[in-house]
Amino acid sequence: MIQDFKIKPSSTTTIICSLACVFYLTCAVDALSGCFKLDFLLRRARSTCVVAYVTDDCQISEQTIGYISFQNLRNLSLNHELGILVGFVDIKDSWPDKTMLTATNGTVKNGDVLLFEKIQKDYIDLEATIPESLDPDVLGNTQTLEDLIELVNSGCNTYFTATGSLSRQGLHREEILRSMFHVKNISNVQSKDVFLQKCFQDDQFCYADGKSQTRANIPKLPECEKIDLPSKTDFFNNYLKKSKPVIFKNVLQNWPAFTKWSNEYLREKYGEKIVKFQLTPHGEFERIEHRNEWGNQNQIKLPKFLTDKMPFPDLVMARPAAKVGNFSFFLDILEGVSNGSISNLSVYFEYASIPEFLPELEEDIREDTLLGDISKRDQLNIWLGDGQTVGKMHFDGSDNFLCQMRGKKQVILIDPHSNHQLYEGHIQEATMSYNFSSHSFERKHILDETVYVWTPFDISNPDYSRFPLFGETYPMNCTVEEGEVLFIPSFWWHEVKSFPNVTEGRNLAINFWYEPFFERNYPCPECQLDINPTYRDML
């Protein structure tokens, strides 16, 4: 028979535990009132949202209208895991930086209920520090527990009810996170089966070749669904909230842009417009290289406390050379590359904002057919190149609709559920320059900046000795043809290989970036997707 048992502490253990308990209660929380010292609250806010009632010397001299509902919330938090911390604060206390308690939306007074949002770690700024004070929101004197819970759920991005159970929205959120799309659920083909360290250069995508493998036995990647444009409800339920890529067929043919946007039309309309475009020697518009290949490697050195936070300080992300000139000059180069009169060069007018640079073109686009009213649009961009470009494996923090006008793009995708296998992290940035007189590229400009949305290796030629986890990922192929639209959910890793229209010798696309339905912190390999609080009302 299994019996309960207890370990009897020694006298030494009892003394140590007692002293620790006294120290904790004295320095952090008043044991009788549950009153938080502000330095303790600051530490706890790094991991949870805090709701606090303002007192004078941690005494409740007068019960305000909201006191009863606050106490009910506090009792609820003591009995259930709500994802928040609830207690009292002293209006006379000060933060570690010696400032007093203030609020973002009003002065703080006795009887106020304050909400301190969870401190979000800044993964992008390597020099970011933990704040030494916080500015809470004043929730006011809510009369009912239900009213207070609604405010707390909204401010803390939590989902609980007055009984401590999950709300209907919370249950829907859990169901969505459980049913998200994973490539491994439809495929057993892993990257190590496809991407080895020597490639067939005549393949459309640089699939692997090795001594033990031949072209015949390289497995085929699973492909995106191709469907007719769905209803908004079907799109939301079957793709957006499942974070599932999909291609919509026969969407763009009725857009004026599909027939109007020839090189001749663009030259006539915008020939004198000053634009910025990119150039690269081999079509690769981002390329991981060793730092020692760059001329100023000893001039630009990040401080050690920054490089210690970078997993691969010996690598740089080589960005293309940039040129500013009129649009006709760009088209001249593009057409020269396409017809073969210009060699060893690829040119791209990439992610250029249409509203900013070519605003009249927006009249030729029918955004409503792309279900644009589901999300808030962040950007509308044009991508025009010679069709020999490769955008290396990276992710975007927005939901993306890629609309293919001319040529096609082969998009290799890897889902965002195992970011550690893509070795996500900061990489120091470098920028090439191009000498138009000598027709040569130079590698001289390492920058004191980092990029953080690219893999630190080339997926078509991976170094598995250094990046072995990549081999365990499950890639899929989404080739988008003329007239089609590819939906790429936020944070999906993707590499984009362009191919030219055979007749026109160019590749033309636009894309819409929208406020993402799913979000996460980055660069943070362990951080997982969650539903963007902007879309709480859709749950």
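Heads up: these notes are all about the structure in this document. Because the structure is predicted, anything quoted here is derived from the model rather than measured.

### So, the overall build of the protein
A count of helices and strands for the protein gives twelve helices and 27 strands. Here the protein holds 539 residues, and the buried ones make up 52% of them. Intrachain contacts of the protein at a sequence separation of at least 6 include 79% that bridge at least 24 residues.

### Focus: the packing of aromatic side chains
Evaluated as defined, the whole model comprises 41 aromatic pairs. Ring centres 6.1 Å apart and planes at 65° place the aromatic pair F277 and F329 in the edge-to-face group. One end of the pair, F277, is in strand β11 (residues 274-280); the other, F329, is in helix α11 (residues 327-339), with 52 residues separating them in the sequence. On the basis of relative accessible area, F329 is assigned to the partly exposed category, the value being 29%. Relative to Y535, the ring of F517 lies with its centre 5.4 Å away and its plane at 45°, an arrangement referred to as tilted. Of this pair, F517 sits in the loop between β25 (507-514) and β26 (518-519) while Y535 sits in the segment after β27 (530-531), and the two are 18 residues apart along the sequence. Taken together, the aromatic side chains of F277, F327, F329, F330, F349, Y434, F436 and F441 make up a single cluster linked through ring pairs. The positively charged end of K408 is found above the aromatic ring belonging to F499, 5.5 Å away from the centroid. Here the basic side chain of K497 rests over the ring of F499, its NZ or CZ set 5.6 Å away from the ring centre.

### Observations concerning helix α7 (residues 232-240)
Residues of α7 that are buried: F235, F236, Y239 and L240. With its buried residues spanning 115° around the axis, α7 presents them on a single face. Considering only its buried residues, α7 is in contact with β9 (226-228), β10 (246-249), β18 (399-406), β23 (485-488) and β26.

### Considerations on the pairing of strand β21 (residues 440-451)
With seven bridges joining them, strand β20 (residues 427-435) and β21 adopt antiparallel strand pairing. Bridge pairing in β21 places S433 opposite E442. The hairpin formed by β20 and β21 contains four residues between the paired strands, and H439 there has a positive phi angle of roughly 55°.

### A look at the state of the cysteines
Applying the stated criterion to the full structure yields four disulfides. C524 shares a disulfide with C527; S-S distance 2.0 Å. As the torsion about the S-S bond is roughly 70°, the C524-C527 disulfide counts as right-handed. Taken as a pair, C524 and C527 share a single burial class, namely buried. Bonded cysteines in the protein are paired 1-3, 2-4, 5-6, 7-8 when counted in the order they occur along the chain.

### Considerations on the sheet that holds β20
Backbone hydrogen bonds hold the strands of a sheet together, and the pairing may be parallel or antiparallel. Ordered by their spatial adjacency, four strands build an open sheet running β12-β13-β20-β21, and the pairing between neighbours is mixed. Only two strands of the sheet have a single neighbouring strand rather than two, namely β12 (287-290) and β21. Taken pair by pair, the neighbouring strands of this sheet meet at an average axis angle of 35°, ignoring direction. In this sheet, strand β13 (residues 315-319) lies alongside β12 in antiparallel orientation, the contact comprising four bridges. Within β13, the residue paired with R287 across the bridge is A318.

### So, the nonpolar core
Ranked by internal contacts, the top residues of the largest apolar core, which has 90 residues, are W261, F349, I382, I510 and F512. No other element matches the six residues that α11 contributes to this core. For F349, the residues in contact, after removing those within four places along its chain, are V275, K276, F277, F327, F330, L358, I382, W383 and L384. Of all hydrophobic cores here, the second largest spans 22 residues; its members include C49, V51, Y53 and V152.

### Things to note about the packing of helix α9 (residues 263-270) against α11
It is the contact of α9 with α11, at a shortest axis distance of 9 Å, that shows an interaxial angle of 155°. Classified by the angle their axes make, α9 and α11 are roughly antiparallel. As for the relative orientation of α9 and α11, their crossing is left-handed in sense. Contacts between α9 and α11 involve N263, L266, R267 and Y270 from the first element and F327, S328, L331, D332, L334 and E335 from the second. Its residues assigned to classes, the contact of α9 with α11 shows five nonpolar, two polar and three charged.

### Some words on the environment of V183
Tracing the backbone shows V183 in the loop between α5 (168-178) and α6 (191-194). Apart from residues lying up to four places away in sequence, V183 is in contact with P222, D415, Y474, P475, M476 and W492.

### Re the pairing of β13
Most of β13 is tucked away, with five of its five residues classed as buried. Residues of β13 alternate between two faces, with L315, M317 and R319 on one and V316 and A318 on the opposite face, all of them buried. Where β13 lies against β20, four bridges are found, and the strand directions are parallel. Looking across to β20, one finds that V316 is bridged to Q428.

### A short note on the side chain of Q190
Within the element layout of this structure, Q190 appears in the loop between α5 and α6. A polar atom in the side chain of Q190 sits 3.2 Å from the backbone oxygen of E472. For Q190, the residues in contact, after removing those within four places along its chain, are G471, E472, T473, Y474 and P475.

### A few points about unusual backbone geometry
Keep in mind that most residues, glycine aside, have a negative phi and that most peptide bonds are trans. Of note, the amide linkage connecting Y522 to P523 takes the cis form, showing an omega dihedral of -5°. Mapping P523 onto the fold places it in the loop between β26 and β27. Phi at N157 takes a positive value of approximately 55°, unusual for a residue other than glycine. Residue placement: N157 occurs in the loop between α4 (145-156) and α5. Even without a glycine there, the phi angle at N344 is positive, about 55°. Residue placement: N344 occurs in the loop between α11 and β15 (346-353). On the accessibility criterion, N344 (63% relative accessible area) is exposed.

Reading the values: rules and limits
Sequence positions are assigned chain by chain, starting from 1 and proceeding in written order. Selection of residues for local features in this predicted model requires a pLDDT of at least 70, selection of side-chain atom pairs for listing and counting requires 80 or more, and totals for whole chains, interfaces and linings are taken over all residues. Remark: hydrogens and water are excluded; side-chain values derive from all non-hydrogen atoms of the structure. Secondary structure elements are taken from DSSP: a helix is a run of H or I of four residues or more, a strand is a run of E of two residues or more, and numbering for both begins at the N terminus. When accessible area is computed with a 1.4 Å probe and restricted to protein chains, residues below 20% of their type maximum are described as buried, those above 50% as exposed, and intermediate ones as partly exposed. The contact criterion used throughout is that any non-hydrogen atoms of two residues lie within 4.5 Å. Only rings of Phe, Tyr and Trp enter the pairing, Trp through its six-membered ring, and a pair is recorded when the two centres are within 6.5 Å. The plane angle decides the type: under 30 degrees is stacked, over 60 is edge-to-face, the rest tilted. Sitting over a ring, as applied to charges here, requires NZ of Lys or CZ of Arg to be within 6 Å of the ring centre and within 35 degrees of the ring normal. The directions from the helix axis to the C-beta atoms form the arc being described. Paired strands are those between which DSSP finds at least two bridges. Sulfur atoms of two cysteines make up a disulfide when they are within 2.5 Å. Note on geometry: axes are C-alpha line fits, over the in-contact stretch for helices, and angles between N-to-C directions span 0 to 180 degrees. We call a set of buried Ala, Val, Leu, Ile, Met, Phe, Trp, Tyr and Cys residues a nonpolar core when their side-chain atoms join them within 4.5 Å. Here is the rule for angles: anything less than 35 degrees is roughly parallel, anything more than 145 is roughly antiparallel, 65 through 115 is roughly perpendicular, and the remaining ranges are oblique. Should the near helix be turned anticlockwise from the far one by less than a right angle, the crossing is left-handed, and should it be turned clockwise, the crossing is right-handed. We call Asp, Glu, Lys and Arg charged. Ala, Val, Leu, Ile, Met, Phe, Trp, Tyr, Cys and Pro are nonpolar, and the rest, Gly among them, are polar. Pairing of N or O atoms within 3.5 Å defines a polar contact, subject to two protein rules: one partner must be a possible hydrogen donor and the other a possible acceptor, and residues neighboring in sequence count only if both atoms are side-chain atoms.

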